[in-house]
Amino acid sequence: MAEKPVCTATQTPDGEDIQREDNIRCLTMLGHFGFECLPHQLVNRSIEQGFSFNILCVGETGLGKSTLMDTLFNTNLKEKMSSHFHPNVELKIQTYQLQESNVQLKLTVVNTVGYGDQMSKEASYQPIVGYIDAQFEAYFQEELKIKRSFVDYHDSRIHVCLYFISPTGHSLKALDLLTLKNIDSKVNVIPLIAKADTICKSDLQAFKYKIMNELISNGIQIYQFPTDEKTTAQANSSMNEHLPFAVVGCLDEVKVGKRMVRGRQYPWGVLQVENENHCDFVKLRDMLLCTNTENLKEQTHTLHYERYRRFKLQKIGFTDVGPDNQPISFQEIYEAKRQEFYSQCQREEEDLKYKFMQRVKEKEIAFKEAEKELQDKFEHLKRVQQEETIKLEEERRQLEEEIMNFYKMKAGSEILQTQACTNVKKEKDRKK
C-alpha cells in the first residue's frame with residue numbers, strides 16, 4: 001500500500017511555520033490533546049464551581065444605589081426603600097444567586113444605609129472602614145488555621161466600591177473627601193456621578209474635570225483600569241479618561257421608535273440608559289462585569305489584602321529580614337518570637353513571685369504588729385483585772401470586818417438590853 005504524504009511544520013527563527021510534505025500519512029485530530037487543554041480545564045472547572053463578586057455601594061440616601069444594582073444585573077434585587085432617619089450608618093448585606101446562561105454568580109451587595117445623615121463625619125465613614133477591615137481579618141484568620149478550607153470558605157472581601165457622588169455640579173463634599181481618603185488604600189474605588197440626568201452635558205463634563213482635579217490634589221487613589229494586557233489595553237485606557245462615570249439607573253422600558261429600551265420618559269424626550277451618548281452606564285457595565293472583574297478580584301487580593309496582611313504581621317513582630325538586613329525565614333522568626341515570649345513569661349512569673357513574696361512579707365509584718373497590739377492590749381486588760389480583783393478582795397475583807405464588828409456590837413447591845421430589862425423587873429419587884 002502506498003503511503004500518503006503528511007504535512008509537517010517546522011519553525012523559522014522568526015517564529016513562522018513552514019509546511020513541508022514528508023512521506024508520512026496525514027492524521028486528522030478529533031480534538032485537543034496535550035497541555036493545550038489546560039485553559040479548557042480551567043474554564044470547565046470555573047463554570048462548575050461558579051463565581052463570586054462583592055460590591056460595596058457608598059453614597060447618600062436617595063442617590064439610586066439599589067436602582068443601579070438592579071440595572072447592572074438586569075434583575076430586581078428586592079431591596080426596601082431607606083429613610084433619612086437612621087441614627088447611625090448601617091451596612092445592609094444581601095447575597096444573591098444569579099445565573100446567566102450556564103454561568104452562576106454569587107453576588108454580595110453591601111449597601112450603606114443612613115450614610116451622610118449624621119452630624120459627625122467620622123460616624124459616617126468609620127463603620128465602612130471597620131467592615132472592610134473585618135472581612136480582611138476573617139480571611140487572615142482563615143489563612144492562619146492549620147487546616148484551611150478555602151474551597152468552602154465564602155470570601156467576603158470587598159472587590160470594588162462604587163462611590164456615588166451627589167450631582168451638585170460644584171465640587172466634592174468634605175464627607176466625600178474624608179471617606180475616600182480612608183478607604184482608597186483598602187478597596188478598589190470607582191467614583192460615580194449619580195443621577196447624571198439632572199445635569200446638562202456641558203456642566204457634566206466640567207463637573208467630571210473638577211472631581212478628578214480634587215481627587216488628585218487630595219492624594220486620593222481611585223481604581224485605574226489596567227492597560228498592561230494587549231486585548232483590553234486600548235479600551236481600558238479610553239475608559240480611564242471617562243472617570244468618574246456619570247450613570248443613570250432604571251428598569252422601566254419606554255418606546256423609542258419601533259423598539260423598547262430601558263430609560264426614563266421626560267417632557268423633553270427619553271433618556272436611554274444604554275445609550276452611551278446619554279450616560280456612561282454601558283461603559284461602567286462593560287468595564288465592571290465584562291472586562292475587569294477578575295482584575296478587581298486579583299488587585300483586592302494582591303494589593304489591598306497584602307497591605308493589610310503585611311501590617312498585621314509586622315504589628316506582631318514578623319519581618320522578611322533580620323537585624324543584619326539578611327533574609328530570615330518564617331520558622332526562624334517564629335522560634336525567636338517563641339523564645340522571646342517564653343523569656344517574657346519567665347520574667348513576668350519571677351516578677352509575680354517577687355511581688356507575691358513582698359506582699360506576703362508585708363502581710364506578715366502587719367499581722368505581727370496587729371498581734372503585738374492585741375497582746376499589749378490583753379496584758380493591759382489583764383493588769384487592770386488583777387488590780388480590780390485585789391481592790392475587790394480588799395473591799396470584801398473590810399466588809400467582812402465591818403460585819404463582824406456589827407455582830408459584836410449587836411451582841412453587846414442585846415446583853416445590855418437584857419441586863420436593863422432584868423434590872424427594871426427587879427426594881428419593880430422590890431417596890432412591890
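Here's what I pulled together on the structure shown here. The structure presented is a predicted model; accordingly, all values stated were derived computationally and were not measured. Within every chain, residues take consecutive numbers counted from 1 along the sequence as written. Restriction of local features to residues with pLDDT of at least 70 applies here, the model being predicted, together with a cutoff of 80 or more for giving and counting side-chain atom pairs; totals for whole chains, interfaces and linings are based on all residues. Where side-chain values are given, they derive from all heavy atoms of the structure, hydrogens and water being excluded.

Before going further, it helps to spend a moment on the packing of helix α3 (residues 122–144) against helix α4 (residues 174–183). Lines fitted to C-alpha atoms define the axes here, with helix axes fitted over just the stretch in contact, and angles between the N-to-C directions of these axes take values from 0 to 180 degrees. Segments assigned H or I by DSSP are reported as helices when at least four residues long, segments assigned E as strands when at least two residues long, and all are numbered from the N terminus. Interaxial distance between α3 and α4 falls to 10 Å at its minimum, and their mutual angle equals 20 degrees. Between α3 and α4, the angle falls in the class roughly parallel. As α3 runs across α4, the sense of the crossing is right-handed. Contacts from E122, S124, Y125, I128, V129 and I132 of α3 reach α4 at L175, L178, T179, N182 and I183. As a working rule, the residues Ala, Val, Leu, Ile, Met, Phe, Trp, Tyr, Cys and Pro are called nonpolar, Asp, Glu, Lys and Arg charged, and the rest polar, with Gly in that last group. The residue makeup of the contact of α3 with α4, split by class, is seven nonpolar, three polar and one charged. What sets the label is the angle itself: under 35 degrees gives roughly parallel, over 145 gives roughly antiparallel, 65 to 115 gives roughly perpendicular, and the rest give oblique. Note on convention: the crossing is left-handed when the near helix lies turned anticlockwise from the far helix by less than a right angle, right-handed when the turn is clockwise. Residues are treated as being in contact if the distance between any of their heavy atoms lies within 4.5 Å.

Moving on, we come to the nonpolar core. Side chains of nonpolar character tend, in soluble globular proteins, to be buried together. Judged by nonpolar contacts, the single largest core of 75 residues is most densely connected at L162, I190, F245 and L284. Contact partners of I190, with chain neighbours within four places excluded, come to V160, C161, L162, Y163, Y223, F225, L243, F245, L284 and L288. The set of buried Ala, Val, Leu, Ile, Met, Phe, Trp, Tyr and Cys residues whose side-chain atoms join them within 4.5 Å is what this entry labels a nonpolar core. Exposure classes here rest on a 1.4 Å probe applied to the protein chains alone. A residue is buried below 20% of its type maximum, exposed above 50%, and partly exposed in between.

Strand pairing is defined by DSSP finding a minimum of two bridges between the two strands. In the sheet, strand β9 (residues 253–256) pairs with strand β10 (residues 259–266) via four bridges, with the strands oriented antiparallel. Across the sheet, E253 pairs through a bridge with R262, a residue of β10. Hairpin remark: β9 followed by β10, antiparallel, with two residues in the connecting loop; positive phi at G257, about 70 degrees. Pairing analysis gives four bridges linking β10 to strand β11 (residues 269–272), with the strands arranged antiparallel. In the sheet register, Y266 faces β11, and the bridge partner there is G269.

An order of β9-β10-β11 is seen for the three strands of this open sheet, with the pairing classed as antiparallel. One side of each edge strand has no neighbouring strand; the edge strands of this open sheet are β9 and β11. For this sheet, the mean inter-axis angle between neighbouring strands, taken without regard to orientation, is 70 degrees.

What follows covers the sheet that holds strand β7 (residues 189–193). Pairing in this open sheet of six strands is mixed, and the strands run β4-β5-β3-β6-β7-β8 from one edge to the other. The open sheet is flanked by β4 (90–100) and β8 (245–246), the only strands paired with a single partner. Pairing of strand β6 (residues 160–165) with β7 involves five bridges; the strand directions are parallel. Directly across from C161, in β7, lies its bridge partner V189.

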